[in-house]
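# Secondary and tertiary structure notes
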Amino acid sequence: ITSELLGGARALASKLGEKVSLVLAGAGVAAAANQAAAYGADTVYVVDGPLLKDYQTDAYVSVLAGVAKEANPRYILLGQTAVGRDLAPRLAFRLGAALTSDCIALDVDPQSKHLLQTKPVYGGNALAVFTASSFPQIATARQKALAPLEPDQSRRAEVVNVPIKVDVSAIRYRVVDRVKEKTEGIKLEDAKVIICGGRGIGGPEGFRQLDELARLLKGAVGATRPACDSGWMPSQVQIGLTGRVVTPDLYITFGVSGASQHLAGCSGARNIIAVNKDAEANIFKEARYGVVGDWKQILPAFIEKAKELLAA
């Protein structure tokens, strides 16, 4: 996501004739400065120390606010990740700035130099463009919404080492343990191909068949909320407004009706293919390709054809 943000920032800066800065905050992150330069950063602010080893909202807000006041940026971009969603509103409040979250496109008004921030609204049924009248303007962007630059190892950036000036007493919590979620295969957020099943799959057995197709296409399996609520799939793979937001290159659905709450989580997919026996299902309005029919007949044929093409 950082390389994508740098690519998006580079595109904005080129239109304004300005430079791109990156803040590297954490423990042992100084070595990444050259990589940041390769992906488009002109200046890299390095805030490195053991206090920042684990993400702590209070510490990171203080660090970023301090760098922002020193660098005086026009725009501040963060990823629409767990950390970004937690950090951005607090940083915006600290700086007295406006925030638009979950953007899928960013542009700039050349006259006012205001950031044009496009994001889904009404459960993904429409897109709206937001602007703010004051600076800095803060936005979080979805993964894969912005295009990273091809890395250029010959690029160099100015590296500014920033001392950590954080009042330890102001940090109101600490990390006491870390438990890694056990996942098999590719994570949903990283998958270029996602096979998603809905209520129409009918039960857990159907998802095992979807898993066969996902493995074949080197993708991941997701599910709608009704499927997760029924216990057919774990809640960790739920896609939608109350689940995960994904932006794969290919999103194939079986038995998914296309409720707005679900589409809010997958509208950023580059290509949607839908299989549903209901020709009036809302998912067909969003899909580039659609098949009206029983998934139990279509999925096996789909798998066999995929095997044939991959073996060729």
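Residues numbered from 1 in each chain as written. Predicted model: local features only at pLDDT ≥ 70, side-chain atom pairs only at ≥ 80, totals over all residues. Heavy atoms only, no water.

## Let's talk about helix H5 (residues 204-216)
With 13 residues, H5 should reach 18 Å at 1.5 Å per residue; the first-to-last C-alpha distance of 19 Å fits that figure. Residues of H5 that are buried: Gly206, Phe207, Leu210, Leu213 and Ala214. Each buried residue of H5 sits inside an arc of 105° when the element is viewed along its axis, so together they form one side. Facing away from the buried side of H5 by over 90 degrees, the exposed positions are Arg208 and Arg215. (Helix = DSSP H or I, 4+ residues; strand = E, 2+ residues; numbered from the N terminus. Expected span 1.5 Å × (residues − 1). Buried < 20%, exposed > 50% of the residue type's maximum accessible area, 1.4 Å probe, protein only. Arc of directions from axis to C-beta.)

## Overview of the side chain of asparagine 276
With respect to the element layout, asparagine 276 can be found in strand S13 (residues 271-276). The exposure class of asparagine 276 is buried, given its relative accessible area of 10%. Within the structure, the side chain of asparagine 276 is placed 2.8 Å from the backbone nitrogen of aspartate 278, a separation counted as a polar contact. (Polar contact = N/O pair within 3.5 Å; in protein donor to acceptor, adjacent residues only side chain to side chain.)

## Focus on the state of the cysteines
Under the definition given, this model contains 0 disulfides. Left without a disulfide partner, cysteine 103 is nearest to the cysteine sulfur of cysteine 266, which lies 19 Å away. Classification of cysteine 103 by relative accessible area gives buried; the value is 1%. For the unlinked cysteine cysteine 196, the closest cysteine sulfur is that of cysteine 266, found at 7.1 Å. (Disulfide = S-S within 2.5 Å.)

## Points about the side chain of glutamine 137
Looking at where glutamine 137 falls in the secondary structure, it is placed in strand S8 (residues 137-141). A polar contact is formed between the side chain of glutamine 137 and the backbone oxygen of alanine 132, at a distance of 2.8 Å. Apart from the residues within four sequence positions on either side, glutamine 137 is in contact with Arg74, Tyr75, Ile76, Ala98, His114, Leu115 and Ala132. (Contact = heavy atoms within 4.5 Å.)

## A look at the environment of glutamate 184
With respect to the helices and strands, the residue glutamate 184 is situated in the loop between strand S9 (158-161) and strand S10 (193-197). Given the relative accessible area of 73%, glutamate 184 is considered exposed. Separated by 36 residues in the primary sequence, glutamate 184 and alanine 220 place their C-alpha atoms 9.4 Å from one another.

## Describing unusual backbone geometry
Put simply, phenylalanine 135 and proline 136 share a cis peptide bond, and its omega is 0°. By the element assignment, proline 136 lies in the loop between strand S7 (126-130) and S8. Phi at asparagine 72 is positive, roughly 50°, even though this residue is not glycine. For lysine 113, which is not glycine, the phi torsion reads 65° and is therefore positive.

## Observations concerning the sheet that holds strand S5 (residues 105-108)
One key point about sheets: their strands pair by backbone hydrogen bonds, in either a parallel or an antiparallel sense. Strand order in the open sheet formed by 3 strands is S5-S6-S7, with antiparallel pairing between adjacent strands. Sheet topology places S5 and S7 at the edges, where each strand pairs with a single neighbour. With strand direction ignored, the average angle separating the axes of adjacent strands in the sheet is 25°. Sheet topology places S5 next to strand S6 (residues 115-121); 4 bridges connect them, and they run antiparallel. Residue pairing for S6: alanine 105 is matched across the bridge by threonine 118. (Pairing = 2+ DSSP bridges. Axes fitted to C-alpha atoms, helices over the stretch in contact; angles between N-to-C directions.)

## What to know about the sheet that holds strand S4 (residues 98-103)
Across the sheet, 3 strands lie side by side as S3-S8-S4; this open sheet has parallel pairing. One side of each edge strand has no neighbouring strand; the edge strands of this open sheet are strand S3 (75-79) and S4. On average, adjacent strands in this sheet sit at an angle of 20° to one another, irrespective of strand direction. Judged from the 5 bridges that link them, S3 and S8 form a sheet pairing that is parallel. Residue leucine 77 lies in a different strand from S8, and its bridge partner there is alanine 139. Along the sheet face, helix H4 (residues 82-95) touches S3, S4 and S8 and points at about 160° away from the line of S3.

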